[in-house]
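# Reading the structure
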Amino acid sequence: DSQEFRSLRDYHPGDPIRSIHWRSFAKLNKPIVKEYQDEYFTRYGLILDTFLNNKPEFIFEDAVSIAASFMTAQKEQDALLDLIFVGNNTYRFTSGRGLAGAENILEVLACVEPVYKSNIDQVEMMIQQCSSDCSAFLCILLDLDESRLKLIKALSILNIPTKFLLLRDLTSTDSAKAIQENDVHVIHHVNLQQELDALW
């Protein structure tokens, strides 16, 4: 939440001195204060899985493309979008509401590279740290192994609305039962655009 300027009004005893509007005070020769109102905004977390393991590289490129499409589709003026991923370090970039624009986040996404050593535990720790700030999460997964299922369960415990997207190619052998039980939306490489359109 934040405070936005609403109006000017006469000074009342007990008003903080920092709220005095000095220009109006000088003009009217009586104390005038600035009045504020509380404003609340929505904050979304976009989690990008970068652990490629033995998957083909085009799956990772699809994930980055989907993340970029969500970043550019964000039109809500009073919303923030956090891009969260782990590479050599943990990263959290925020766009919207007077912060970095979508073009800055796209530059970041252009530099993201896949990693070949599991970093899912670090992703989970990072989500725990920022969960109190976010109203909802979108999680783009490259696989559905035990570590990712653990991540899904950790997000479910937080009781924050979360949508999971799983990217697959023709050779993927993810468990249909695990996909169904965890409400994971599967996006196939060959039908990427059509399946994303159908999802929304």
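Here's a quick rundown of the structure. For clarity, every value in this text was computed on a predicted model and none was experimentally measured. (Residues numbered from 1 in each chain as written. Predicted model: local features only at pLDDT ≥ 70, side-chain atom pairs only at ≥ 80, totals over all residues. Heavy atoms only, no water.)

## Regarding the overall build of the protein
Check the secondary structure of the protein and you find seven helices and eight strands. Within the protein, the fraction of its 200 residues that count as buried is 43%. Taking the contacts inside the protein whose residues are at least 6 apart along the sequence as the reference set, 67% of them involve residues at least 24 apart. Split by element, the accessible area of the protein, about 11600 Å² in all, is 50% carbon and sulfur. (Helix = DSSP H or I, 4+ residues; strand = E, 2+ residues; numbered from the N terminus. Buried < 20%, exposed > 50% of the residue type's maximum accessible area, 1.4 Å probe, protein only. Contact = heavy atoms within 4.5 Å. Areas by Shrake-Rupley, 256 points an atom, 1.4 Å probe, with all protein chains shown as cover.)

## Observations concerning the pairing of strand S5 (residues 90-95)
Two strands pair when backbone bridges link them, and strand S4 (residues 79-86) and S5 are joined in this way by six bridges, in the antiparallel orientation. Paired with Leu 83 across the bridge in S5 is Phe 93. Between the antiparallel neighbours S4 and S5 lie three residues. (Pairing = 2+ DSSP bridges.)

## Details of the packing of aromatic side chains
One pass over the structure, following the stated rule, counts four aromatic pairs. With a centroid separation of 6.3 Å and 25° between ring planes, the pair formed by Phe 85 and Phe 93 is classed as stacked. For Phe 85, a relative accessible area of 6% corresponds to the buried category. Accessibility expressed as a relative area gives 28% for Phe 93, which makes it partly exposed. Taken together, the ring pairs in this structure connect Phe 85, Tyr 91 and Phe 93 into an aromatic cluster. (Phe/Tyr/Trp six-rings, centres within 6.5 Å; stacked < 30°, edge-to-face > 60°.)

## Considering the sheet that holds strand S6 (residues 136-141)
In spatial order, the strands read S5-S4-S3-S6-S7-S8; together these six strands make up an open sheet with mixed pairing. Edge positions in the sheet fall to S5 and strand S8 (184-188), since each of these pairs with one other strand and no more. Direction aside, neighbouring strands of the sheet carry axes that sit 20° apart on average. Where strand S3 (residues 42-48) lies against S4, seven bridges are found, and the strand directions are parallel. Directly across from Arg 43, in S4, lies its bridge partner Leu 80. Most of the contacts of helix H5 (residues 146-157) go to S6, to which it runs at about 175°, and overall it touches S3, S6, strand S7 (162-168) and S8. (Axes fitted to C-alpha atoms, helices over the stretch in contact; angles between N-to-C directions.)

## Let's talk about the pattern of salt bridges
The tally for this structure, following the rule as stated, stands at ten salt bridges. Of the charged contacts in the structure, one is a salt bridge between Lys 150 and Glu 124, with a shortest N-O distance of 3.5 Å. Remark: Glu 124 occurs in helix H4 (residues 120-130) and Lys 150 occurs in helix H5; sequence separation between them is 26 residues. Given a relative accessible area of 17%, Glu 124 falls into the buried group. Within the structure, one salt-bridge network assembled from shared partners comprises Arg 43, Asp 82, Arg 92 and Asp 133. (Salt bridge = Lys/Arg side-chain N within 4 Å of Asp/Glu carboxyl O.)

## Remarks on the environment of Tyr 36
Mapped onto the elements, Tyr 36 comes out in strand S2 (residues 32-39). Looking at Tyr 36, the relative accessible area reads 35%, which means it is partly exposed. Distance in space between the C-alpha atoms of Tyr 36 and Arg 6 is 5.0 Å, their sequence separation being 30 residues.

## Quick word on the side chain of Asn 182
Here Asn 182 lies in the loop between helix H6 (176-181) and S8. We classify Asn 182 as buried; its relative accessible area is 16%.

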